[in-house]
Amino acid sequence: MSVRLPVLGAAPLEDGLARRVSYVRVSLTDRCNYRCTYCMPEEGVELLPQPELLTFEELERLVTMLARLGVRRVRLTGGEPTIRRDVTALVARLARVPGLDEVVMTTNGHRLAELAAALAAAGLAGLNVSVDTLDAERFARITRRGDLARVLAGIEAARAAGLPLKLNVVALAGFNDDELGALCDYAWARGIVPRFIEWMPMSGGALYAPGAFLAADEVRRRIALHTGVASRPVVSAAGVGVDVGPARYHEVPGRGRFGVISAISEQFCDTCNRVRLTAVGALHTCLADDQATDLRQLLRGGADDAMIEAAVRGALAGKRRGHDFTREGCGAPAKHMVSIGG
C-alpha cells in the first residue's frame, strides 16, 4: 500500500501512524573517551573519518529545517559530544534556531568541569549525565577507563553554572541494583532527577547479558524498599508520567522524583516522538532499526530544503510501529549504541 506524503512544508512531521515528531537526537561524533561495557566493544569500533562528519553549518541547516516542521527539542549526543571540537560554538548556533524550545545534551561528564560554564553561557538548557554507580572501582570497571571523582566534580560545576541536571543510570542486576536508592539520595540532595534505564540489546546482541536485565517494576520496588514509601506516577500535560522523552516519571512523597526508561518491559513505542541523526547525517527513525536515510548525500549533492524534507517525510512514512527488543537479547540491531547516541 502506498503512503501519501503531505505537501512539503504544509504540516508538522508525523510518521505513518500519526505519531508527531517533536524531538531529534543529534550525534556529534562516534568517538568516546570511555568504553562502557553496554555501549561499545572493548576493542572499540571502526571510527569514521573526520571529513565524513556533518559540519556545524550542515547541522544548523538540518536543525533549522526540522524546527520549521515542528521539532521543538534537540538533544546533542555522541559518542561523547563534549569531545567534538568547538562544541560550545555549535550549542550557541543551535540555541538561536527559531522555533526550538531547548537544546540539551547527554554526556559522560568527563569534561564538564572545564566546559559547564561555557555550555550554559552558549545557551544549553540542560544536561543528562551518565553515572551508573557511586563506587569508584565499579565505575572504572563499567566504563573501562572512567574517573568517578572527575565526573562528580563536573556535576558540581554544572550545578554552579545553573544547568538543570538529570542522572542517567543503566540499571543492571548484579552490578548496581544494590545502589538504586543511594543514587536517588545523591541526586535528590542536589536537585537532580535520577533516571533508570533498562538495558537494551544493541551490537547484534553481542554486548548483552540477559541475566543482568533489570525490569522497571523491580527498579520501582527497590526504590520503595529504600525510601519506605511507595512512589506514585507523575501526571503531566503529556499524560501519566510522560515527559517530552521516553522516561515515565514517579514521585516519592517528601523525597523527590525519578524516571524509568522501560524500553523492554513497558514498551512506549506508541508515544514515540523522536528521530535520531548520526554524526554522518544518517536519519534513523527507530533506535532498534538499522535502516537509515542518508541526508548528508543530499546536503552535499546540492539538494534544496524541499528535497531534504521529502526524504525526511519518506523515512517517517515507513517508521515501524514498534521495536523487537526482548529480555533475552533478541531483536538487536547491528549498530552500536555509541554510534547512534542512545
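Data block above holds the structure.
Keep in mind the model is a prediction, meaning the values are calculated, not measured.

Novice: So what exactly am I meant to see when it comes to the side chain of Thr-29 here?
Specialist: You can see Thr-29 is positioned in the loop between β1 (23-27) and α1 (56-68). When neighbours within four sequence positions are excluded, Thr-29 is seen to be in contact with Thr-77, Gly-78, Gly-79, Glu-80, Ile-83, Ala-279 and Val-338.

Novice: I keep staring at the pairing of strand β5 (residues 165-171) and nothing clicks. Help me out?
Specialist: Residues in a regular strand project their side chains so that they alternate between the two faces of the sheet. Most of β5 is tucked away, with seven of its seven residues classed as buried. Residues Leu-165, Leu-167, Val-169 and Ala-171 line one face of β5 and the alternating positions Lys-166, Asn-168 and Val-170 line the opposite face, and both faces are buried. Examined bridge by bridge, strand β4 (residues 126-130) and β5 share four bridges and lie parallel to one another. Bridged to Ser-130 within β5 is Asn-168. In this sheet, strand β6 (residues 193-198) lies alongside β5 in parallel orientation, the contact comprising six bridges. Bridge pairing links Leu-167 to Pro-194 in β6. One crossover worth recording links β5 to the parallel β6 by way of helix α6 (residues 180-188), and it is right-handed.

Novice: I tried to follow helix α4 (residues 136-143) on my own but got confused; where do I start?
Specialist: Here α4 has its buried residues at Arg-138, Phe-139, Ile-142 and Thr-143. Projected onto a plane normal to the axis of α4, the buried residues spread over an arc of 115° and lie on a single side. The inward-facing, buried residues of α4 contact β4 and α5 (148-160). Capping of α4 at its N-terminal end is provided by Asp-135; its side-chain oxygen lies 3.0 Å from the backbone amide nitrogen of Glu-137.

Novice: Can you help me understand the state of the cysteines in this one?
Specialist: Two cysteines form a disulfide when their sulfur atoms are joined by a covalent bond. Taken as a whole and judged by the stated rule, the model has zero disulfides. Not part of a disulfide, Cys-36 finds its nearest cysteine sulfur in Cys-39, a span of 6.1 Å. On the basis of relative accessibility, which here comes to 15%, the residue Cys-36 falls in the buried class. Lacking any disulfide linkage, Cys-286 is separated from the closest cysteine sulfur, that of Cys-269, by 6.2 Å.

Novice: Looking at this model, I keep getting lost on the nonpolar core. Mind explaining?
Specialist: By size, the foremost hydrophobic cluster in this structure holds 104 residues, and its most contacted members are Leu-76, Leu-127, Leu-167 and Phe-196. Contact partners of Leu-127, with chain neighbours within four places excluded, come to Met-105, Thr-107, Leu-112, Ala-158, Leu-163, Pro-164, Leu-165 and Lys-166.

Novice: Would you mind showing me how to read helix α9 (residues 305-317) here?
Specialist: Count 3.6 residues to each turn of an α-helix, and residues three or four apart come out pointing the same way. Over its 13 residues, α9 extends 18 Å from the first C-alpha to the last, a length consistent with the 18 Å expected when each residue adds 1.5 Å. Of the residues making up α9, those classed as buried are Ile-308, Glu-309, Ala-311, Val-312, Arg-313, Ala-315 and Leu-316. On the buried face of α9, the contacting elements are α1, β12 (274-277), β13 (282-284), β14 (293-294) and α8 (295-300).

Novice: Just to check I follow, could you spell out the packing of α1 against helix α2 (residues 87-95) for this structure?
Specialist: In helix packing, the relevant descriptors are the interaxial angle and the interaxial distance, both defined with respect to the helix axes. Direction vectors running N to C along α1 and α2 enclose 25°, while the axes themselves pass 10 Å from each other. Classed by the angle they form, the pair α1 and α2 counts as roughly parallel. With respect to the hand of their crossing, α1 and α2 are arranged in right-handed fashion. Contact with α1, carried on its side by Phe-56, Glu-57, Leu-59, Glu-60 and Val-63, involves Ala-89, Leu-90, Arg-93 and Leu-94 of α2 and no other residues of that element. Residues of the contact of α1 with α2, tallied by class, amount to six nonpolar, no polar and three charged.

Novice: Where do I start with the packing of α6 against helix α7 (residues 216-227) in this structure?
Specialist: Interaxial distance between α6 and α7 falls to 8 Å at its minimum, and their mutual angle equals 70°. One element, α6, and the other, α7, form an angle in the roughly perpendicular class. As α6 runs across α7, the sense of the crossing is right-handed. Across from Leu-180, Gly-181, Ala-182, Cys-184, Asp-185 and Trp-188 in α6, the residues of α7 making contact are Val-219, Arg-222, Ile-223, His-226 and Thr-227. Its residues placed into classes, the contact of α6 with α7 shows six nonpolar, three polar and two charged.

Thresholds applied
- Residues numbered from 1 in each chain as written.
- Predicted model: local features only at pLDDT ≥ 70, side-chain atom pairs only at ≥ 80, totals over all residues.
- Heavy atoms only, no water.
- Helix = DSSP H or I, 4+ residues; strand = E, 2+ residues; numbered from the N terminus.
- Contact = heavy atoms within 4.5 Å.
- Buried < 20%, exposed > 50% of the residue type's maximum accessible area, 1.4 Å probe, protein only.
- Pairing = 2+ DSSP bridges.
- Right-handed = clockwise from strand over helix to strand, strands pointing away.
- Arc of directions from axis to C-beta.
- Polar contact = N/O pair within 3.5 Å; in protein donor to acceptor, adjacent residues only side chain to side chain.
- Disulfide = S-S within 2.5 Å.
- Core = buried A, V, L, I, M, F, W, Y, C linked by side-chain atoms within 4.5 Å.
- Expected span 1.5 Å × (residues − 1).
- Axes fitted to C-alpha atoms, helices over the stretch in contact; angles between N-to-C directions.
- Parallel < 35°, antiparallel > 145°, perpendicular 65-115°, else oblique.
- Left-handed = near helix turned anticlockwise from the far one by under 90°.
- Nonpolar A, V, L, I, M, F, W, Y, C, P; charged D, E, K, R; others polar.

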